[in-house]
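This is what each chain is made of:
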Amino acid sequence: MTRNAEPHSWTLLQTLSALQSGQIGALELLEHMLARHDRLNPAINAVVATDPEGARTAARAADNRRGGGRLNGLPMTIKESFDTVGFATTAGIPPLAANRPAQDADAVARLRAEGAVIWGKTNLPEAASDHQSYNDLFGMTRNPWDLERTVGGSSGGSAAALAAGLTVLELGSDIGGSIRLPAHFCGVWGLKTSFGIVPRRGHLPPMPGTLTEGPLSVAGPMARSAADLTLALEILAGAEPGAPWQLALPASRHRHLRDFRVAVWTGDLPVDPEYAAAIQRFADALEAEGVTVTRLRAAPEPQRGREDLYMKLLFATLGSGMPPEALAQFAAAAEGQPDGSHAAVMARATHASAGEFAALVERQAHLIADWGRWFESHDILLCPVSMTPAFPHQSGDGHGPVPQIARRLDLGDRQQPYLDNLLWPGVATLAHLPSVVRPLPEQLRGLPVGVQMIGPGHGDYTALAFAALCDQVFGGFTPPPGYE
């Protein structure tokens, strides 16, 4: 942290150091962030709800406390889909506009217990179901790198707020790349955690009051460095309150960059060739640092022959909570479409029977076991986050997956179905693997691009340690022009 650096440019660890040393007060820092929000948020629409008076009360209390938790006095925002006392939780769904929770989501409660001062909530797509962040309640969130491009979704407002310097820590969720794609598109850091290690109770979807969890979705932190993510994970990870077990994640496998065994995979699934080449150049740079790098000519063995499993299980999970009218839309979209098309696969999956769902989960369990064996000889898998850098907005055709069937994305050398953008993030999601996204050292056509650093099951600290070592070698956060 330089002497003249503005508070909004600090990392989480730098911010906490400044708060703990008295370099800045909690209320002073909050007012700085609120003023910055008032000046910059109208253009990007990242933060869609605020509670400045409630936050000021919490910040004053933090200033008056001796000691306090690990986040004491930290002003931050939260993805709108997490229950947060003092705010509505809607997931951008108009009928839920008046849904005001009586208690915090478990993950939010853990942040508050450590002294976080929550002053705002950030935007997302309706029902958290798109790689863009727009809905009829709050409108469109725009990328601070290029206002005509998406911030990603569903934690899109979270990533935009981090990139624009409106917050230094965010809480996101991820089932289809919803932490990782926004981090990739906006040039920030995100952690898709190993499945089940951060409680999701109090997240929407599923609908308010639901206690069961599906087999894919996770919650995790977003920030502006891997070290920041590591501290956040230490706070967020653990059994649900009242559970008769404790979580004990293993430490990182290695402490030095040269000791990591890294595989690089940029083929088989659709991807912008210039983006794939940038990841390969990153692998070259890692080799120059002494890292053992294996370049895969084909998909990793656990992935082969299971290309369809993620999409089937994803939409079977989503379909289990859909009303009949939504299921009918999938069926209508599939009429006349070939069996292997996205429309046909989605329609059948959303109508899956209990037996069919169980068979998908069994296939998933075998895949998870196969990845466990694969990671005995590898520590990290590097691969793309999505098919492209941040793409121009595509909206006006509705919300949710059905309109997405007709959309296309430009990969530079060809057009590709929009829903194929689920494939790269689906690798780690389906296998319950942790995945850190951090920006590549180079930009692509003036936009940030990230890389997935996928670790072994429950190897969150291995993936984070690798990312943190990369931060030391390749540098940290770069703000968008005009947001320095």
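Everything discussed here concerns the structure shown above.
Rules used in this analysis
Each chain has its residues counted from 1, running along the sequence as written. Residue-level local features of this predicted model are given only where pLDDT is at least 70; pairs of side-chain atoms are given and counted only at 80 or more, and the full residue set underlies all totals for whole chains, interfaces and linings. To obtain the side-chain values, all non-hydrogen atoms of the structure were included, while hydrogens and water were left out. Helical segments are the DSSP runs of H or I of at least four residues, strand segments are the runs of E of at least two, and each set is numbered from the N terminus. Radius of gyration: over C-alpha atoms. The globule rule applied is 2.2 Å multiplied by the number of residues raised to the 0.38 power. Exposure is judged per residue with a 1.4 Å probe applied to protein chains only, and the accessible area is read against the type maximum: over 50% gives exposed, under 20% gives buried, and values in between give partly exposed. Every residue pair with non-hydrogen atoms within 4.5 Å of one another is taken to be in contact. The accessible surface values rely on the Shrake-Rupley method and a 1.4 Å probe; as for residues, cover is taken only from the protein chains in view. Pairing between strands is defined by DSSP: at least two bridges between the two strands are required. Angles run from 0 to 180 degrees between N-to-C directions of axes, and those axes are lines fitted to C-alpha atoms, restricted for helices to the stretch in contact. Using a grid of 1 Å spacing that covers the protein atoms alone, one calls a set of points a cavity when a 1.4 Å probe fits there but cannot get out, and a pocket when the set is open and has protein on both sides within 12 Å along at least five of seven lines; lining residues are those with an atom within 4 Å of a point. Grid points are joined across faces, edges and corners, and a volume is the space filled by probe spheres set on the points. Under the scheme applied here, ten amino acids are nonpolar (Ala, Val, Leu, Ile, Met, Phe, Trp, Tyr, Cys and Pro), four are charged (Asp, Glu, Lys and Arg), and all others, including Gly, are polar. Roughly parallel means an angle under 35 degrees; roughly antiparallel means over 145; roughly perpendicular covers 65 to 115; every other angle is labelled oblique. Think of a salt bridge as a Lys or Arg side-chain nitrogen and an Asp or Glu carboxyl oxygen that are within 4 Å of each other. We define a nonpolar core as any set of buried Ala, Val, Leu, Ile, Met, Phe, Trp, Tyr and Cys residues linked to one another through side-chain atoms lying within 4.5 Å. N or O atoms closer than or at 3.5 Å make up a polar contact, with two conditions inside protein: a donor-capable atom paired with an acceptor-capable one, and, for residues adjacent in sequence, both atoms drawn from side chains.

**Student:** So what exactly am I meant to see when it comes to the overall build of the protein here?
**Tutor:** When helices and strands are tallied, the protein shows 15 helices and 15 strands. For 484 residues, the compact-globule estimate of 2.2 N^0.38 gives 23 Å, and the C-alpha radius of gyration of the protein, at 21 Å, lies within 12% of that figure. Counting across all 484 residues of the protein, residues that qualify as buried make up 58%. Restricting to contacts in the protein with at least 6 residues of sequence separation, those with at least 24 account for 76%. A total of about 18200 Å² of accessible surface is found on the protein, and carbon and sulfur atoms cover 52% of it.

**Student:** So what exactly am I meant to see when it comes to the sheet that holds strand S3 (residues 117-122) here?
**Tutor:** Hydrogen bonds between backbone groups are what pair the strands of a sheet, and the pairing can be parallel or antiparallel. If you walk across this open sheet you meet the three strands as S1-S3-S2, and the pairing is mixed. Two strands in the sheet have a free side with no partner beyond their single neighbour: strand S1 (47-50) and strand S2 (75-79). The sheet shows a mean angle of 40 degrees between the axes of neighbouring strands, taken without regard to direction. Sheet topology places S1 next to S3; three bridges connect them, and they run antiparallel. Pairing of Thr50 across the sheet is with Gly120, part of S3. Relative to the sheet, helix H3 (residues 52-64) contacts S1 and S3, its axis offset from that of S3 by approximately 150 degrees.

**Student:** What is the right way to read the layout of surface pockets from this model?
**Tutor:** Empty space among the atoms becomes apparent when a probe as large as a water molecule is rolled across them. In this structure, the largest pocket occupies an estimated 1200 Å³ of space. Lining the largest pocket we find 49 residues, and of these Ala127, Ser129, Pro205, Leu318 and Met322 sit closest to its centre. Among the elements of the structure, strand S6 (170-174), helix H9 (309-319), helix H10 (324-334) and helix H13 (401-404) are those that each provide at least two residues to the lining of the largest pocket. Considering only residue class, the lining of the largest pocket consists of 23 nonpolar, 19 polar and seven charged. Quantified by volume, the second largest pocket comes out at close to 360 Å³. Lining the second largest pocket are 23 residues, with Asp83, Arg201, Gly202, Gly209 and Thr210 sitting closest to its centre. Of the residues that constitute the lining of the second largest pocket, the class distribution is eight nonpolar, seven polar and eight charged.

**Student:** It is not clear to me how the pairing of S6 should be interpreted in this structure. Could you clarify?
**Tutor:** Within a regular strand, the side chains alternate between the two sheet faces. The element S6 is extensively covered by neighbouring structure, given that five of its five residues are classed as buried. Judged from the five bridges that link them, S6 and strand S8 (residues 218-223) form a sheet pairing that is antiparallel. Across the sheet, the residue bridging to Leu171 is Pro221, located in S8.

**Student:** Whenever I open this one, helix H4 (residues 106-113) confuses me. Can you help?
**Tutor:** Residues three or four positions apart in an α-helix share a direction because the helix packs 3.6 residues into each turn. Within the span of H4, buried status applies to Asp106, Ala107, Val108, Arg110 and Leu111. A positive phi of about 100 degrees marks Gly115, the residue just after H4.

**Student:** Would you mind showing me how to read empty space enclosed by the protein here?
**Tutor:** Counted according to the given criterion, the structure contains two cavities of 30 Å³ or more. Its boundaries defined by the atoms lining it, the largest cavity holds a volume of some 60 Å³. In this structure, the largest cavity is lined by Leu269, Gln303, Glu307, Tyr310, Leu423, Gly426, Val427 and Leu430. The element that contributes the greatest number of residues to the lining of the largest cavity is helix H14 (residues 423-430), accounting for four residues. Per-class residue counts for the lining of the largest cavity are five nonpolar, two polar and one charged. The computed volume of the second largest cavity comes to approximately 30 Å³. Lining the second largest cavity we find Pro125, Glu126, Ser129, Asp130, Tyr134, Gly398, His399 and Gly400. Class assignment for the residues of the lining of the second largest cavity results in two nonpolar, four polar and two charged.

**Student:** For this particular structure, what's the right way to read the packing of helix H1 (residues 12-21) against helix H7 (residues 226-236)?
**Tutor:** For any two helices packed against each other, the geometry comes down to the angle between their axes and how far apart the axes lie. Following both chains from N to C, one finds H1 and H7 inclined at 70 degrees, their axes separated by 8 Å at the closest point. In terms of axis orientation, H1 runs roughly perpendicular to H7. Contact residues: H1 offers Leu12, Leu13 and Leu16, while H7 offers Ala227, Asp228 and Leu231. In terms of residue class, the contact of H1 with H7 is made up of five nonpolar, no polar and one charged.

**Student:** Would you mind going over the pattern of salt bridges with me for this structure?
**Tutor:** Two side chains that carry opposite charge are able to pair once their charged atoms sit near each other. Tallied over the full model, the rule gives 24 salt bridges. We note a salt bridge from Arg180 to Asp174, for which the minimum N-O separation is 2.8 Å. The exposure class of Arg180 is buried, given its relative accessible area of 0%. Residue classification places Asp174 among the buried positions, given a relative accessible area of 1%. Its salt-bridge partner being Arg261, residue Asp379 comes within 2.9 Å of it at the nearest N-O pair.

**Student:** What exactly am I supposed to notice about the nonpolar core here?
**Tutor:** For soluble globular proteins, nonpolar side chains are generally found buried alongside one another. Core analysis: the largest hydrophobic core is formed by 140 residues, its most contacted members being Leu71, Leu111, Leu169, Leu382, Met453 and Phe466. Of all the elements, helix H15 (residues 460-474) adds the most residues to this core, at eight residues. Residues within four places of Leu71 in sequence aside, it is in contact with Leu12, Leu16, Leu111, Glu114, Gly115, Ala116, Leu169, Leu231 and Ile235.

**Student:** Just to check I follow, could you spell out the side chain of Thr350 for this structure?
**Tutor:** One can find Thr350 in helix H11 (residues 342-350). Accessibility expressed as a relative area gives 5% for Thr350, which makes it buried. In this structure the side chain of Thr350 is engaged in a polar contact, spanning 3.2 Å, whose partner is the side chain of His351. When near neighbours in sequence (up to four residues on either side) are disregarded, Thr350 contacts Phe315, Ala316, Gly319, Leu327 and Phe330.

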